[in-house]
Every structure is written in C-alpha cells, then in structure tokens.
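Okay, here's what each chain looks like letter by letter:
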Amino acid sequence: MAIIVEVLGWGGKSRRHYRVASDSISIGRGYDNDIVLADSYVSANHLQLVATDEGWSIEDLNSRNGLQVIKKVGNIEQVFESGSEIKIGRTRLRIVAEHQPVDDARLLHRLEQETGKLSQWWIWLPLFLGTLLVEFGSIYSNTIIEWDWGKAIPLMVGLQLMIVLLSLFWAMLGRIFRHEAHFLGHYSLILIASLIFTVSGVALAVVDYNFSGLLLTRLLEYLVLILVVFLLLSANLALASNLSTRARWLSAGGFVATLGLIVLSVELVSWGEFSPLPEYSSKLEPPALLVREGQSNEEFLQAIEYLFAAADNNKKQ
C-alpha cells in the first residue's frame with residue numbers, strides 16, 4: 001500500500017511530496033527514516049505511520065516537540081484518512097492516499113501558450129522598431145522650437161531603458177514564483193502597451209486641437225492609461241505567477257484603483273482656487289492636423305457679440 005506525504009507551505013500549498021510503497025513509514029530528521037525532513041525542530045526519529053484498513057494510525061516516537069493535528073479526516077478515533085494534516089516541529093504535512101482524486105487540470109492562459117511566439121525576434125524586433133518610430137514622431141510633434149537631437153535621443157533611450165528594467169523585474173518574479181523567466185515575452189507585452197499609450201496620446205492631442213475639449217481630453221488620457229495598465233499588469237501576472245484568473249484581475253484592479261485615487265488626488269490639488277481666466281491648449285499644431293472647419297475672426301466676433309453687449313450693460317449698471 002503506497003502513501004504520499006506532502007510537505008505544505010504558505011497557504012496550504014504543496015511544496016514537495018514523498019511517495020513510499022510500504023505499510024509502515026518512519027518520519028524524522030535522521031537519515032535512517034523513510035522520509036527525511038530538514039527541520040531542526042523535528043526529532044531524529046519523530047513518528048511512524050502504520051497502514052490500517054481505514055487509513056493510517058500515527059505513533060509518536062517520544063519526540064521532543066510532539067505532533068499537532070491540524071485537520072483530521074475520518075470518524076474513527078486515532079485513524080487518519082486521506083487528506084488529514086499534521087504538524088511536527090515547524091513542518092506541516094498532509095497524508096494522501098495514492099488513489100486520492102485530484103482537481104481537473106487548469107487551462108493555460110493564452111499568453112502562456114503563445115509565449116514562445118512573443119520571444120521570437122520577428123515579434124519583439126518589429127515592436128521595438130515601431131516603438132522607437134512612434135516615440136520619435138510623438139517627440140517631434142510636441143516640439144515647438146528648433147529640433148534638437150541632443151534632447152530627443154536621451155528621451156528615447158530613457159524610455160527603452162525603463163521598458164527593459166520593467167521586463168527584467170517581471171522576469172525575476174517569474175523565476176521566483178514559477179522557476180521560469182519570460183524576459184522577451186514581458187518585453188513584447190510592455191512594448192505593445194507603450195505603443196498603444198503613445199498612439200492614443202497623439203490621437204487625443206489631434207482631437208483636442210480640433211475641438212478644444214481640454215478637460216475631456218485629459219479625462220480620456222487617464223482612462224486610456226488606467227485601461228492599458230490594467231491589461232498589462234494582468235498579462236504580466238499571467239506569465240510570471242500561478243494566480244488564477246480572478247486573483248489576477250483582483251490584483252490588477254486593486255493596483256489600478258490605487259493609481260486612480262492618486263491621480264485624482266493630484267488633480268484635485270492642482271486645480272486650486274477658481275480662476276476667471278479660461279484654460280485652453282496653447283500648443284502649436286500644424287494645419288494639416290486640422291480636420292474641422294473653423295471660423296474666421298469676423299464670424300467669431302459676430303457670434304460672441306452678445307457677450308460684449310452684456311458686458312456694456314453691466315458697466316452701465
């Protein structure tokens with residue numbers, strides 16, 4: 001009769017297991033045991049498991065720290081059925097029968113199935129070049145003075161360095177939690193997020209240029225930022241951890257909610273007191289980006305003539 005003894009870690013997760021095909025199993029720190037535990041609080045010969053028809057009986061071999069029953073399965077006294085948990089020293093053990101059913105296999109996240117493709121040069125290299133091109137266009141479109149390569153290159157290098165550092169961070173977490181690192185997979189994901197955010201920023205700038213919706217544009221920028229961060233964080237967690245889909249979404253949602261509160265707090269502080277001066281975008285834009293038909297100065301003055309009339313009436317009063 002075979003028995004499986006699992007060593008449990010944080011949260012009751014199985015860290016490792018031992019399978020012994022015997023009706024009597026000894027557990028302790030000594031090397032003469034069937035299962036040897038590297039726990040200085042476990043005696044050399046701590047306990048013995050003896051198989052019965054209903055389960056296993058546990059005999060304490062006069063150990064120094066004894067044993068603690070964490071979970072007992074079965075109604076027969078002194079008999080522990082499959083799934084029972086005990087603790088000796090600082091080690092938590094679960095006793096499992098070899099015929100114990102296990103849960104169905106979890107479905108791999110699509111990113112995990114496609115991570116090999118994300119690591120291919122024909123994926124990450126075009127993303128890298130595309131990010132450089134889009135970032136160059138964004139910096140160029142936001143330059144209202146003479147173009148200076150000495151200022152543009154450090155900005156582009158700094159962005160790529162930040163992306164590399166973030167990718168290394170996620171790869172390191174993957175190595176810690178899953179014993180595998182997907183540096184190029186994380187790198188490709190962050191490049192995609194950077195492309196989306198930069199392109200959306202340029203598109204919103206064109207919208208603001210045509211419709212002068214400064215407040216609406218800023219709100220849309222924050223919404224895009226929150227959405228991109230949420231999806232990016234959830235995707236990176238899928239590659240670097242064993243969290244379930246719900247746990248990933250909750251973790252990503254909690255981080256995004258915290259980020260949103262911080263951004264909102266900063267905005268509220270920056271608003272300050274009411275100003276009678278209108279707030280508008282003073283950035284210079286090329287006429288080619290103007291897709292909306294504007295008004296001439298004469299048409300604009302005629303349209304707001306009532307404002308001047310109201311101001312004159314207020315003066316007279």
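In this report, we go over the structure that sits alongside the text.

Remarks on helix 3 (residues 149-177)
- For helix 3, spanning 29 residues, the distance from its first C-alpha to its last is 42 Å, which sits close to the expected 42 Å at 1.5 Å a residue.
- For helix 3, the set of buried residues is Ala 152, Met 156, Leu 159, Gln 160, Ile 163, Ser 167, Trp 170, Ala 171, Leu 173 and Gly 174.

Structural notes on the nonpolar core
- With 19 residues, the main nonpolar core has Ile 3, Ile 27, Leu 49 and Leu 93 as its most contacted residues.
- Secondary-structure elements contributing two or more residues to this core are strand 1 (2-8), strand 3 (24-28), strand 5 (47-51), strand 6 (56-60), strand 8 (85-88) and strand 9 (91-97).
- Setting aside chain neighbours within four positions, we find Leu 93 in contact with Val 5, Glu 6, Val 7, Ile 27, Leu 37, Ser 84, Glu 85, Ile 86 and Ile 88.
- If you look at the next biggest cluster of nonpolar residues, it comprises 13 residues, including Leu 173, Leu 191, Leu 237 and Ala 240.

Examining the packing of aromatic side chains
- Counted by the stated rule, this structure contains four aromatic pairs.
- Ring geometry for Phe 169 against Trp 170: centres 5.6 Å apart, planes inclined by 70 degrees, an arrangement best described as edge-to-face.
- We classify Trp 170 as buried; its relative accessible area is 10%.
- Over the ring of Phe 80 we find Lys 72, and its NZ or CZ is 5.5 Å from the ring centre.

Digging into unusual backbone geometry
- Even without glycine at this site, Asn 62 takes up a positive phi of about 55 degrees.
- In this structure, Asn 62 sits in the loop between strand 6 and strand 7 (67-71).
- Of the residues examined, Asn 62 reaches a relative accessible area of 77% and is grouped as exposed.
- Non-glycine residue Gln 78 carries a positive phi angle of around 65 degrees.
- For Gln 78, a relative accessible area of 52% translates into the label exposed.

Cut-off values and rules
- Residues numbered from 1 in each chain as written.
- Predicted model: local features only at pLDDT ≥ 70, side-chain atom pairs only at ≥ 80, totals over all residues.
- Heavy atoms only, no water.
- Helix = DSSP H or I, 4+ residues; strand = E, 2+ residues; numbered from the N terminus.
- Expected span 1.5 Å × (residues − 1).
- Buried < 20%, exposed > 50% of the residue type's maximum accessible area, 1.4 Å probe, protein only.
- Core = buried A, V, L, I, M, F, W, Y, C linked by side-chain atoms within 4.5 Å.
- Contact = heavy atoms within 4.5 Å.
- Phe/Tyr/Trp six-rings, centres within 6.5 Å; stacked < 30°, edge-to-face > 60°.
- Lys NZ or Arg CZ within 6 Å of the ring centre and 35° of its normal.

Structural measurements only, silent on function.
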